[in-house]
Amino acid sequence: MGGYPINLDITDRFCVVVGGGGVAVRKVEGLLVAGARVRVISPRVADQISIWAEQGAVELIRRPFAEHDVSGAFMVFAATDDPSVQDYISTCAVAAGALLNRADTRGRSDFYLPAACTRGDLLITVSTGGASPALAGQIRRRLEQTFGVEYALLVHLMGQIRQAIPAGGEAQPDNRQLYFSILDSPVLTQLRNDQWAELEKTLREMLPGEIDSALLVANTRAVAPHFVKNSGNDHDEF
């Protein structure tokens with residue numbers, strides 16, 4: 001089944017997860033990372049969901065699902081192990097105008113969550129449209145081996161450079177050529193090997209003189225520990 005690839009900004013959007021097991025945990029975790037407001041509904045939940053509730057990260061309602069639970073929801077995730085409950089959640093979600101994701105039945109969801117390899121602001125996704133999450137996960141694990149933390153640093157660095165160089169006007173084609181030249185330079189290898197002095201020298205030779213290469217490198221180096229610490233947010237298709 002085909003699909004329309006899109007990255008949604010769900011910051012502060014109201015999302016409902018019905019279910020409290022391992023599948024629900026993975027869905028809640030992804031929603032929290034994306035900044036959503038999350039309500040979880042289930043009589044019993046995994047320990048991690050209880051911890052999030054105690055921390056105030058999610059709203060936890062410990063009872064069976066009811067129709068009004070999805071009122072005003074942007075997304076609804078049906079993640080129970082009861083087919084009849086799944087059908088009821090789906091009916092209510094459609095009536096509420098929410099986007100629906102069902103964990104149990106291919107072809108009954110409005111969207112699928114692709115396998116994802118995340119490196120800072122770099123997001124690489126793989127989807128089989130729900131046909132083979134195992135295959136999507138296998139490809140994702142191959143991507144993990146190829147794209148290390150250095151790519152998070154590269155995206156961060158290129159974002160700084162793009163902000164520092166004026167956009168538009170007659171110089172725009174030259175700017176694009178400069179970006180490609182930087183990407184073809186040893187910059188990625190220098191980031192991978194923590195060669196900060198060499199990186200600064202490379203940038204100084206390639207960038208316009210008014211851009212402070214030392215500051216760009218210092219800012220990139222400062223965020224490196226954050227990317228290393230948060231490099232495990234990858235997940236499989238579900």
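Residues numbered from 1 in each chain as written. Predicted model: local features only at pLDDT ≥ 70, side-chain atom pairs only at ≥ 80, totals over all residues. Heavy atoms only, no water.

Side note on the nonpolar core
One finds Ile161, Val187, Leu199, Leu203 and Leu207 to be the most contacted residues of the largest nonpolar core, which totals 23 residues. When contributions to this core are tallied by element, the ones reaching two or more residues are α5 (149–164), α6 (172–184), α7 (187–192), α8 (196–206) and α9 (213–229). Top contributing element to this core by residue count: α5, with 7 residues. Sequence-distant contacts of Leu203, that is, excluding residues within four places in its chain, are made with Leu157, Ile161, Val187, Ser213 and Val217. (Core = buried A, V, L, I, M, F, W, Y, C linked by side-chain atoms within 4.5 Å. Buried < 20%, exposed > 50% of the residue type's maximum accessible area, 1.4 Å probe, protein only. Helix = DSSP H or I, 4+ residues; strand = E, 2+ residues; numbered from the N terminus. Contact = heavy atoms within 4.5 Å.)

Description of the side chain of Asp69
Within the secondary structure layout, Asp69 lies in the loop between β3 (58–61) and β4 (75–78). Polar contacts involving the side chain of Asp69 include one to the main-chain amide nitrogen of Ala66, which spans 2.8 Å. With near-sequence residues (within four places) excluded, Asp69 lies in contact with Phe14, Val16, Arg39, Ile41, Ile61, Arg63 and Pro64. (Polar contact = N/O pair within 3.5 Å; in protein donor to acceptor, adjacent residues only side chain to side chain.)

Focus: the pattern of salt bridges
What the rule picks out here adds up to 10 salt bridges. A salt bridge links Asp12 to Arg37; the nearest nitrogen and oxygen atoms lie 3.3 Å apart. Here Asp12 is found in the segment before β1 (14–18), whereas its partner Arg37 is found in strand β2 (residues 37–41), with 25 residues between them in sequence. The shortest N-O distance in the salt bridge between Glu59 and Arg39 comes to 2.9 Å. In this pair, Glu59 is assigned in strand β3 and Arg39 in strand β2, connecting sequence segments 20 residues apart. Overlapping salt bridges, with partners in common, bring together Asp87, Arg102, Asp104 and Arg108 in one network. (Salt bridge = Lys/Arg side-chain N within 4 Å of Asp/Glu carboxyl O.)

A look at helix α2 (residues 47–54)
Those residues of α2 that sit buried are Ile49, Ser50 and Trp52. Looking straight down α2, one finds its buried side chains confined to an arc of 160°; they lie on one side. In α2, the exposed positions angled more than 90 degrees off the buried face are occupied by Asp47 and Glu54. On its buried face, α2 sits against α1 (22–33), β2 and β3. Looking one or two residues past α2, Gly56 carries a phi angle of roughly 80°, positive in sign. (Arc of directions from axis to C-beta.)

Describing the pairing of strand β7 (residues 122–126)
As defined by bridge partners, strand β6 (residues 115–119) adjoins β7 across 5 bridges and the pair is classed as antiparallel. Note on β7: the bridge partner recorded for Thr118 is Leu123. Linking β6 to β7, which pair antiparallel, is a turn of 2 residues; within it Gly120 sits at a positive phi near 65°. (Pairing = 2+ DSSP bridges.)

Considering unusual backbone geometry
A positive phi angle is found at Asp12, which is not glycine, with a value near 65°. Positive phi, close to 55°, is recorded for Asp194, a residue that is not glycine. Within the fold, Asp194 resides in the loop between α7 and α8.

A few points about the environment of Trp52
Along the chain, the position of Trp52 falls in helix α2. In this structure Trp52 comes out as buried when scored by relative accessible area, which is 11%. Considering only alpha carbons, one finds Trp52 and Leu32, 20 residues apart in sequence, at a separation of 9.7 Å.

What about the side chain of Thr202?
Mapped onto the elements, Thr202 comes out in helix α8. Polar side-chain contacts of Thr202 include one of 3.0 Å to the side chain of Gln190. Setting aside its immediate chain neighbours within four residues, Thr202 contacts Ser185, Pro186, Val187 and Gln190.

A word on the sheet that holds β2
Here we have 5 strands laid out as an open sheet, ordered β3-β2-β1-β4-β5, and parallel in their pairing. Since the sheet does not close on itself, it has two edges, and those belong to β3 and β5 (99–102), each with one partner. Taking the axes of each pair of neighbouring strands and ignoring which way they run, one obtains an average angle of 15° across the sheet. (Axes fitted to C-alpha atoms, helices over the stretch in contact; angles between N-to-C directions.)

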